[in-house]
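Now for the letters of each chain:
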Amino acid sequence: MTTAPTPTPLKFTGAKYLIQRLVLATLTGRPIRISQIRSSSHTAPGLAPHEVSFLRLLDAITNGSHIEFSYTGTTVLYKPGLITGSAAGHGAAGGVIRHELPADCARGVSYFLLPLCLLAPFSKAQVNVLFTGPGVITSSTEAGDVSADTVRTAVLPVFRSFGIERNVEVRILRRSNCGREGKGGGGEVQVVLGHQVRLPKTLHLMSAGRVKRVRGVAYSTGVAGANNARLIEAARGVLNEFCPDTYVFSDVSPAPLVPAPERNNPSAKKKTGLGFGLSLVAEGNTGVLYSADIASPPQGGEPPEDLGKKCAYQLLEAVGQGGCVSSVAAPSVFTLMAMGSEDVGRIAVGKDVVGSEQVLQLARDLRAFGMSGWGLREGDEEDEVVVSIVGKGVGNVGRKIA
Amino acid sequence: MAVTIGKRKRRNDVDIREESASEDSDDLRTRFQRAFEAKFKPLKISPPPSKPGEVEEEDVAEQGEESDWSGFSEDAEDNVVVVDHARANSGNDEVRQHEVKAFMSSRPPSLSEKRAKVTSKQPKGDAEEDGNETANLKNDLALQRLLKESHLLDPSSFNSSNAAPEGKSRLKALDLRLQDLGAKKGTLEQERMPLSHRKGIKTKAATREATRRKDAAENGIILERVKATKAPERRREKGVDVPSVGKFKGGTLKLSSRDVKSIEGPRKSIGGKGRRS
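Every value quoted in this text rests on a predicted model; they were computed, and no experiment measured them.

Chemist: Any chance you could break down the overall build of chain A for me, citing the residues and the numbers?
Modeler: The number of helices and strands found in chain A is 10 helices and 20 strands. Burial analysis of chain A (402 residues in total) assigns 56% to the buried set. In chain A, the share of contacts with a sequence separation of at least 24, taken over all contacts with a separation of at least 6, comes to 73%.

Chemist: Just give me the short version of the interface of chain B and chain A, but keep the residues and values in it.
Modeler: Across the boundary between the two partners, chain B contributes 14 residues, which contact 20 residues of chain A. Taking both sides of the interface into account, the surface hidden between chain B and chain A amounts to around 1,600 Å²; carbon and sulfur atoms contribute 59%. For the pair chain B and chain A, the interface holds two salt bridges. Measuring nitrogen to oxygen at the nearest pair gives 3.1 Å for the salt bridge that ties B:Glu99 to A:Arg215.

Chemist: An account of the layout of surface pockets is needed here, citing residue identities and associated values.
Modeler: Vacant regions in the atomic arrangement are exposed by a probe of water-molecule size rolled over the atoms. All names here are of chain A. Approximately 960 Å³ is the volume attributed to the largest pocket. Lining the largest pocket are 31 residues, and of these Arg-107, Tyr-111, Gly-144, Asp-145 and Gln-358 sit closest to its centre. Mapped onto the lining of the largest pocket, the elements with two or more residues apiece are α1 (18–28), α2 (49–61), α3 (110–119), α7 (330–339) and α9 (357–368). Among the residues making up the lining of the largest pocket, the classes are represented as 16 nonpolar, nine polar and six charged.

Chemist: Lay out the pattern of salt bridges in plain terms, naming residues and giving numbers.
Modeler: Residue and element names in this part refer to chain A. Going through the model one piece at a time under the given rule, you end up with 23 salt bridges over all chains. In this structure, the salt-bridge partner of Glu-378 is Lys-351, at a minimum N-O distance of 3.3 Å. With Glu-378 in strand β19 (residues 374–378) and Lys-351 in helix α8 (residues 351–354), this residue pair connects regions lying 27 residues apart in the sequence. Given a relative accessible area of 35%, Lys-351 falls into the partly exposed group. Bridged by salt links that share partners, the residues Asp-149, Arg-152, Arg-175 and Asp-251 form one connected network.

Chemist: Describe α3(A), naming the residues involved and giving the relevant values.
Modeler: Burial within α3(A) is extensive, with 10 of its 10 residues counted as buried. For α3(A), the full list of buried residues reads A:Ser110, A:Tyr111, A:Phe112, A:Leu113, A:Leu114, A:Pro115, A:Leu116, A:Cys117, A:Leu118 and A:Leu119.

Chemist: I'd like to hear about the sheet that holds strand β20 (residues 384–390) of chain A, residue by residue, with values.
Modeler: Residues and elements named next belong to chain A. As summarised here, the arrangement of the four strands in space is β11-β18-β20-β19, forming an open sheet in which the pairing is mixed. With one partner strand each, in any of the chains shown, β11 (204–205) and β19 form the two edges of the open sheet. Bridge count between β11 and strand β18 (residues 344–350): two bridges; the pairing is parallel. Bridged to Leu-205 within β18 is Ile-347. The sheet contacts of α7 involve β18, β19 and β20, and relative to β18 the element is tilted by about 165°.

Chemist: Can you tell me about the pairing of β19(A), naming the residues and giving the values?
Modeler: Residues and elements named next belong to chain A. Direction of pairing for β19 relative to β20: antiparallel, over a ladder of five bridges. Its bridge partner being in β20, Trp-374 is matched across the sheet by Ile-389. With antiparallel pairing between neighbouring strands as the criterion, β19 and β20 make up a hairpin whose turn holds five residues.

Chemist: Help me get a handle on the packing of aromatic side chains, residues and values and all.
Modeler: Residue and element names in this part refer to chain A. Evaluation of the coordinates by the stated rule reveals eight aromatic pairs over all chains. Where Tyr-247 meets Phe-249, the ring centres are 5.0 Å apart and the plane angle is 65°; that geometry is what we call edge-to-face. Residue Tyr-247 is classed as partly exposed on the basis of its relative accessible area, which comes to 24%. Residue classification places Phe-249 among the buried positions, given a relative accessible area of 4%.

Chemist: Outline the nonpolar core, listing residues and values.
Modeler: Core analysis: the biggest nonpolar cluster contains 109 residues, and A:Phe131, A:Phe334 and A:Ile347 have the highest contact counts within it. Sorting elements by how many residues they give to this core places α3(A) first, with eight residues. Each of two domains, domain 1 (208–320) and domain 2 (326–390) of chain A, supplies a minimum of three residues to this core. Those residues in contact with A:Phe131, other than ones at most four positions away along the chain, are A:Leu57, A:His99, A:Leu101, A:Val109, A:Phe112, A:Leu113, A:Leu116, A:Val136, A:Gly187, A:Glu188, A:Val189 and A:Val191. By size, the runner-up hydrophobic cluster in this structure holds five residues, among which are A:Val217, A:Tyr219, A:Phe249 and B:Phe103.

Chemist: Break down a nonpolar patch on the surface for me, with residues and values.
Modeler: A cluster of nonpolar side chains, contributed by B:Phe248, B:Leu253, B:Leu255, B:Val260 and B:Ile263, occupies part of the molecular surface with about 430 Å² of accessible area. Checked against the element boundaries, B:Val260 lands in helix α9 (residues 257–264).

Chemist: Before we move on, can you summarise the side chain of A:His99 with the specific residues and values?
Modeler: Here A:His99 shows up in strand β7 (residues 97–100). Once you skip the residues sitting within four places of it in the chain, A:His99 turns out to touch A:Ser53, A:Arg56, A:Leu57, A:Val129, A:Leu130, A:Phe131 and A:Thr132.

Chemist: If you had to explain the packing of α1(A) against α2(A) to someone new, which residues and values would you point to?
Modeler: Residues and elements named next belong to chain A. α2 packs onto α1 with a crossing angle of 15° between their chain directions and a minimal axis gap of 11 Å. Taken together, the axes of α1 and α2 lie roughly parallel to each other. The handedness of the crossing between α1 and α2 is right-handed. Two secondary-structure elements touch here, α1 through Leu-18, Ile-19, Leu-22, Val-23 and Thr-26 and α2 through Glu-51, Phe-54, Leu-55 and Leu-58. Split by residue class, the contact of α1 with α2 holds seven nonpolar, one polar and one charged.

Chemist: A description of unusual backbone geometry should follow, citing residues and the corresponding values.
Modeler: All names here are of chain A. For Asn-167, which is not glycine, the phi dihedral falls at a positive 50°. With respect to the secondary-structure elements, Asn-167 resides in the loop between α4 (148–159) and β9 (168–174). On the basis of relative accessibility, which here comes to 36%, the residue Asn-167 falls in the partly exposed class. One non-glycine residue, Glu-181, lies in the positive phi region at around 55°. Structurally, the position occupied by Glu-181 is in the loop between β9 and β10 (188–193). What makes Glu-181 exposed here is its relative accessible area of 71%.

Chemist: Tell me what's going on with the environment of A:Ala282, and back it up with residues and numbers.
Modeler: Residues and elements named next belong to chain A. Its place among the elements puts Ala-282 in strand β16 (residues 275–284). The sequence separation of Ala-282 and Arg-213 amounts to 69 residues, and the corresponding C-alpha distance is 5.8 Å. With residues up to four places along the chain from it excluded, the contact list for Ala-282 reads Val-211, Arg-213, Val-214, Val-288, Leu-289, Tyr-290, Leu-315 and Val-319.

Chemist: Can you tell me about the sheet that holds β9(A), naming the residues and giving the values?
Modeler: Strands belonging to one sheet form pairs held by backbone hydrogen bonds; the direction of such a pair is parallel or antiparallel. Residue and element names in this part refer to chain A. With mixed pairing, four strands are arranged side by side in an open sheet as β7-β8-β10-β9. Among the strands making up the open sheet, the edge pair consists of β7 and β9. Taken pair by pair, the neighbouring strands of this sheet meet at an average axis angle of 15°, ignoring direction. α3 contacts β8 (127–132), β9 and β10 of the sheet and is inclined by roughly 175° relative to β8. Contacting β9 and β10, α4 runs over the sheet at an angle of about 165° to β9.

Thresholds, definitions, all that
- Residues numbered from 1 in each chain as written.
- Chains lettered and ligands numbered in written order.
- Predicted model: local features only at pLDDT ≥ 70, side-chain atom pairs only at ≥ 80, totals over all residues.
- Heavy atoms only, no water.
- Helix = DSSP H or I, 4+ residues; strand = E, 2+ residues; numbered from the N terminus.
- Buried < 20%, exposed > 50% of the residue type's maximum accessible area, 1.4 Å probe, protein only.
- Contact = heavy atoms within 4.5 Å.
- Buried area = accessible area lost by both parts, 1.4 Å probe.
- Salt bridge = Lys/Arg side-chain N within 4 Å of Asp/Glu carboxyl O.
- 1 Å grid on protein atoms, 1.4 Å probe; cavity = no way out; pocket = protein on both sides within 12 Å on 5 of 7 lines; lining within 4 Å.
- Points joined across faces, edges and corners; volume = space filled by probe spheres on them.
- Nonpolar A, V, L, I, M, F, W, Y, C, P; charged D, E, K, R; others polar.
- Pairing = 2+ DSSP bridges.
- Axes fitted to C-alpha atoms, helices over the stretch in contact; angles between N-to-C directions.
- Phe/Tyr/Trp six-rings, centres within 6.5 Å; stacked < 30°, edge-to-face > 60°.
- Core = buried A, V, L, I, M, F, W, Y, C linked by side-chain atoms within 4.5 Å.
- Domains from an automatic or database assignment.
- Patch = residues over 30% accessible without salt bridge, like charges linked within 9 Å, V, L, I, M, F, W, Y side chains within 5 Å.
- Areas by Shrake-Rupley, 256 points an atom, 1.4 Å probe, with all protein chains shown as cover.
- Parallel < 35°, antiparallel > 145°, perpendicular 65-115°, else oblique.
- Left-handed = near helix turned anticlockwise from the far one by under 90°.

In structure tokens:
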């Protein structure tokens, strides 16, 4: 049997939306070439540490993928393989892939979790990854990553409507905020995504309903638990007025220790990732989720009262945008809809969510990868748009071939 | 007061010196009482009548202490409002615990999932009707089983008083029930045995089936159709470098017309398209 000639790689430029493109390439099986990655930067041209780390992760959960860097790291050629997940024999020890993040990683762990959640449903075996090392930040970061809690409480429940619900876990083994200068943490997160589907179900979400309750997690690592109480107090002060069923859980944990070897003390360790933060989730009566996230900045100087209030306002803003999916989960939802069976899925989304830069770019990228275009029409509510997406039935590429 | 239960009052040195002689026994008693109370419940003892002299001293001391509190007013005592915070919370505690478990676990919380309510048992309305219902169900089950397993019952040893199968037939009935519930293999089926035994069993079964069919045909009874069992297709053994179609002989690959057809497929060739030079 002769192998089909490999299609010419799709060409993209720029470091922005790198992850999104890599994920789409893996899902559709199209090779891509991304050039001019921070080529204009004199200090740090090429791929950033977290991007390299994500490519390593891709390499770990796929079989037969091919990654090529240029010398400066400003160009990447990626030929995707099959998504095998944590199958034995491909770098998974005991069914778990250990993925170490470098100490200079400035992005939160959700930067890796969200794309992983998108790839996992199409994997051959279950995906079981342990994120560890001196770069794991479980809190939200200033770069715009949500906290690992939000991924668990606000994004993963949305996957349920695609029929992905069994054996899904995000276990935060150790919490950590950003370390000094916003780089590195010391947390530990294990992700189990054990529900593989042939094709995600077609989604029809038309009514957003009304928010009926607010839940949340306040966390403080290595600092006094009173910060949690202050965060909660401030957030409730804002939210109670709108939704009396507000409850925020509190989690206090010691600061993680990461190895910091010195010359005369090679086994020295140091504390890192001190701070506190808040993750809020509002749930509507139709199961719609809105979320907000905030964490203390690495340089400090923000009292928990301010942060709690800010987080509550953020949540109100997310609720105000309306729609059946918040901006945090929107890219994942749209991607899964495009990967679904060849049927029209519809979802009512807030205009601000659809009009965001990331979602627009996602639509364009999906187009570039040969997916069908989106249909838009006015929704029932004033600032809502109904997006209809025809799935391409791409589904489980790995299973189809293997 | 010399003997006070609870906090020890601060006293002047002078007082102690004056009282020390008379208080020796009192002091001892207080100590005993303290030790006792540390282990058990506090005692209900009315303080022993104090001496008039002491009272005066105490009064003097109290007057010395300045306090702004002027005591309860008359009206306040009339309408006392009792605030009990403990009661308002007690019912919610269990709910909260459940929610913490649901929300803070490692799984994505299913917020909309309703908590399994502890439903109070419904009041028993008609005990008689319930009894009837259960009896009916029981009889129903027994009848179903009898119908299903009646072929196991040995007519010679059948006693109508106890219709439940016994002995070997009980085991067979159990096996049947298990298979009904979805068991893949019968429990009675022996897995390992000598080949000759297995062959014997198979031939016996085959002959039994054949005689049954023959008898039925002779008596004009129509039986179910024979299920055609396909023999598993044997793959032709071939060498490694031998082509999968045709015969390779003398440096040429010879294709029979059948081979050619199988390659071309069922499609009919139109014009010169199907012809190969």
